[in-house]
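Listed below, chain by chain, are the residues.
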Amino acid sequence: MDNLQAGDPKYLKRRVKGCTLDVHPTEKALVVQYEVEATILGELGVPMVGERKECQKIIRLKSLNANTDISSLARKVVEECRLIHPSKLSEVEQLLFYLRSRKQPNDNQEKKRISPRDFTPYTGVELDEEASINSIDEYVELLYEDIQEKLRGATLIFQLARNPDNLEELIQNETALGALARVLREDWKQSVDLATTIIYVFFCFSSFSQFHGLVTHFKIGALCMNIIEHELKRYDLWQDELQKKKKAYEEFSDNQNLKKEHEKSFRKYQSLLTKQEQLLRVALCLLLNLAEDTRTELKMRNKNIVHMLVKILDREDEELLLVVVSFLKKLSIFLENKNDMAEAFAVEKLARLVPCEHEELLSTTLRLLLNLSFDTSLRSQMAQAGLIAKLSSLLADEGQRQLSMCILYHISMDDRFKSMFADTDCIPQLMKMVFECGEERMDVELISLCINLAANKNNAQVVCEGNGLKMLLKRAVKLKDVLVMKMIRNLSQHSGPTKSLFLDHVGDLAAQISEEEAEEFVIESLGTLANLTIPDLDWALVLKEYNLVPYLKDRLKPGSAEDDLILEVVIMIGTVSMDDSCAAMLAKSGIIPALIELLNAQQEDDEFVCQIIYVFYQMVFHKATRDVIIKDTQAPAYLIDLMHDNNAEIRKVCDNTLDIIAEYDEEWGKKIQTEKFRWYNGQWLEMVENRQMDEAGEPFLYREDGESFIGNGDILERPDLFYSADGIMGADGAISPEFYADFQNGELGPTGYLSSVSDQFVPSAQIPADRPMSAYGFRPDEQFFYNYTTASRCSVQVKGTGNQTRTSLSDNPIHVTEAGFLLHEI
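Residues numbered from 1 in each chain as written. Predicted model: local features only at pLDDT ≥ 70, side-chain atom pairs only at ≥ 80, totals over all residues. Heavy atoms only, no water.

**Points about the packing of helix α21 (residues 426-436) against helix α24 (residues 468-479)**
Here is the rule: All axes are obtained by fitting lines to C-alpha atoms, using only the stretch in contact for helices, and the reported angles, taken between N-to-C directions, cover 0 to 180 degrees. Per the convention used, a helix needs a DSSP run of H or I reaching at least four residues, while a strand needs a run of E reaching at least two, with both numbered from the N terminus. Handedness of a crossing follows from how the near helix is turned relative to the far one, being left-handed for an anticlockwise turn of less than a right angle and right-handed for a clockwise one. Residues are treated as being in contact if the distance between any of their heavy atoms lies within 4.5 Å. Note on residue categories: nonpolar means Ala, Val, Leu, Ile, Met, Phe, Trp, Tyr, Cys or Pro, charged means Asp, Glu, Lys or Arg, and polar means any other residue, Gly included.
α24 packs onto α21 with a crossing angle of 35° between their chain directions and a minimal axis gap of 11 Å. Taken as a pair, α21 and α24 cross one another with a handedness that is left-handed. Contact with α21, carried on its side by Met431, Val434 and Phe435, involves Gly468, Met471, Leu472 and Arg475 of α24 and no other residues of that element. Its residues assigned to classes, the contact of α21 with α24 shows five nonpolar, one polar and one charged.

**Let's talk about the side chain of Asn452**
Test applied: The cut-offs for exposure are 20% and 50% of the maximum accessible area for each residue type, with area from a 1.4 Å probe on protein chains only; residues under the lower value are buried, those over the upper are exposed, and the others partly exposed. As used in this structure description, the phrase polar contact means that two N or O atoms lie within 3.5 Å; if the pair is within protein, one of them must be able to donate a hydrogen and the other to accept it, and residues adjacent in sequence are counted only when both atoms belong to side chains.
Summarising the element assignment, Asn452 is placed in helix α22 (residues 444-453). Judged by relative accessible area, Asn452 falls into the buried class, the value being 17%. A polar contact is formed between the side chain of Asn452 and the side chain of Ser412, at a distance of 3.1 Å. When residues no more than four places from it in sequence are discounted, the contact partners of Asn452 are Tyr409, Ser412, Met413 and Lys418.

**So, a negative patch on the surface**
This is how it is decided: Surface patches are drawn from residues lacking salt bridges whose relative accessible area is over 30%; two like charges belong together within 9 Å, two nonpolar side chains (Val, Leu, Ile, Met, Phe, Trp, Tyr) within 5 Å. For the accessible areas, the method is Shrake-Rupley and the probe is 1.4 Å, while residue cover comes only from the protein chains on display. By salt bridge we mean one thing: a side-chain nitrogen of Lys or Arg within 4 Å of a carboxyl oxygen of Asp or Glu. When charges are tallied, Lys and Arg are placed among the positive residues and Asp and Glu among the negative ones, while His and the ends of the chain are skipped. In plain terms, the charge of a residue is placed at NZ if it is Lys, CZ if Arg, CG if Asp and CD if Glu.
Among the surface-exposed residues, Asp137, Glu138, Glu141, Glu145 and Asp146 lie close enough to one another that they form a single negatively charged patch. Its place among the elements puts Glu145 in the loop between α3 (136-142) and α4 (147-161). Relative accessible area serves as the criterion here: at 45%, Glu145 is assigned to the partly exposed category.

**Focus: helix α17 (residues 376-384)**
Among all positions of α17, only Leu378, Arg379, Ser380, Gln381, Met382 and Ala383 are buried. Lining the buried residues of α17 we find α14 (335-343), α15 (346-351), α16 (359-372), α18 (387-393), α19 (401-412) and α20 (415-418). One or two residues past the end of α17 sits Gly386, with phi positive at roughly 80°.

**Side note on the pattern of salt bridges**
Following the criterion strictly, the structure yields 28 salt bridges and no others. The closest approach of N and O atoms between Lys349 and Asp314, which form a salt bridge, is 3.2 Å. Residue Lys349 is found in helix α15, and its partner Asp314 is found in the loop between α12 (305-312) and α13 (318-331); the two are separated by 35 residues along the sequence. Note that Asp414 is salt-bridged to Arg416, the shortest N-O span being 2.7 Å. For Asp414, a relative accessible area of 13% puts it in the buried group.

**Here we look at the environment of Asn304**
Within the secondary structure, Asn304 sits in the loop between α11 (294-302) and α12. In sequence terms Asn304 and Glu229 are 75 residues apart; their C-alpha atoms lie 9.4 Å from each other. Only 2.8 Å separates the side chain of Asn304 from the side chain of His307, close enough to count as a polar contact.

As structure tokens, this is what we get:
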């Protein structure tokens, strides 16, 4: 709106009305909201055009503290701010009282988005004059002069842009914005101050989402990317030049000229670096604001923004680092950006910032590391960079404790790094925090980290030092804390001195196993007891004193409780069954049939099956229970069925258990041996029993009357098939003397002696071209000869379709191929 004066044919009349007061939501400041009514009057004072605009003014009270005189401060505010009527003095006092008593946000909380007011003019561009919105055209004209005048005009426009109330009017002046964009595009290499000031102007617009389209229209974002890339290259050149002069000075330390030249270059470098980092800071702030749109952010990534940011992490300026780390934190939520950070080794550069004196930078760095810690490879980089010890030291800082614990928790998820915690003060700090909680609810991050660390033997020893285990058990039992009991359960799984410490607490744990206790708590208590495989522990006494046998038996019934609890009961039975008297007690109580019933019900669950079989494995060791397992139950039959299960662990436990049963019971031993033979030679047996004969028949399997030599009996009951070879082998399996005589005289047939092992079977006559061979390379009705070497006795084995080798059926074993023929094996 034009600046019209009274006395003109028409003039402007302004009036402020509707002034209200409120407190700033985050800062120590008062917010004055008011309405400006502008009216254009004609020559006779008649209103011609009217306009209303809502405005606000923020009165910051940096000196407000607990010792401030509220009455004096309120009077000063009313006197200096003409917008506030003196009648509102009491209201101002009330608001100031509220501000003084209001709890300030924690230091570790993220601050609001960086606003234009956070930036103050830097050295070299301060101006004594104050900019006016009415003189904007004059400032635009300065942008067409030399560099100094351009800098002056841009600085005055920046003064206007810092006030958000002026942005709406500036955005309507497309000439001014276009001129600024043109000067930045053409002259940014000539003056860092000029480039910085103009980017500041556009940064003011980028702080508000509704103006992002304007910044994008002038392609300021792409230009900032080019500027940043160029400045990083300049920085590398400065570093190289400085290193050369430093090296020359060190080689000729007596040369004073070189020393002065190096000092002069270093001072110049420092000056240039300060201005460059100011430029980088405002350019990155602008890009960070524009990255609010994910499409714009993707364009930045395509121009390698992540690697640029990681490279800037080597700088020392904390304000610049804060912007860089904030930008990386925003980018890190996308997988592609996270992978770029991994390639650029961002974690190693971030590690040097932990800890640092700048609270907000430290907090933002930890948040970025927390985002990155979800990646396994990046957690490995954190451990290698020494972050475990650094983060452990931050546990004492209440402001950074929560973030540090979360990162440490993620690192502790990997078994490779658990042992590293034992060499730091992390565990003592955690134990101190646990005990300081008293009866209050413990932070889930704290106890989760403790549970993970307790899974390592070295860490467990540190936890149990002194009265650590006793205090944990006391808290768990008193508060019925399931998570603390889970931690104790992890501690109990380690062999050595740690497990021996539990001897004094077996009674406390056994007392928790009852129907009155919560199921989850009983599960952890049972699991802890099941881990206590201690030779000195009298399990029989524990079972009797706490009457656990009925409880264990009742819980074995399918559906009597949650599967997790039933499984822990089975594991507990397996542990106590190691004791002879306990095994007998359990067998007499009828637990074995209950286990078989449970095995039928849970046959699809590999964990249940494996643990139940392990109970059988434990019981067959003891004479008192071995007979019960073998003679009074069908457990061996179930074990035979499971002998070839797909699960390797189940097969292993089955084999070990069946081997013991076969050793002590001859009848079951034969059944087990037969079943193993059938399994390992199953394909061959199936082929021999089920092979269909063609019309021609096979003379070596059928008599003249068509009846099979095998008959209807079991193939395993016909040893003559294995030990008779048409006069070559006798009934006892030995090679006949006549065969050796014929062999030495060369009377084996028209083919003579075959030296090739691969040609052991050869046809006795030429095969006509119109008669195709069978699948085995010969016709069934043709005579074959067997090629023997000079060995007088064969050492041959029975092999199945797999690669396993099993014991043969006779003293002179044979080798059975898939085709069912007798082959020789040295």
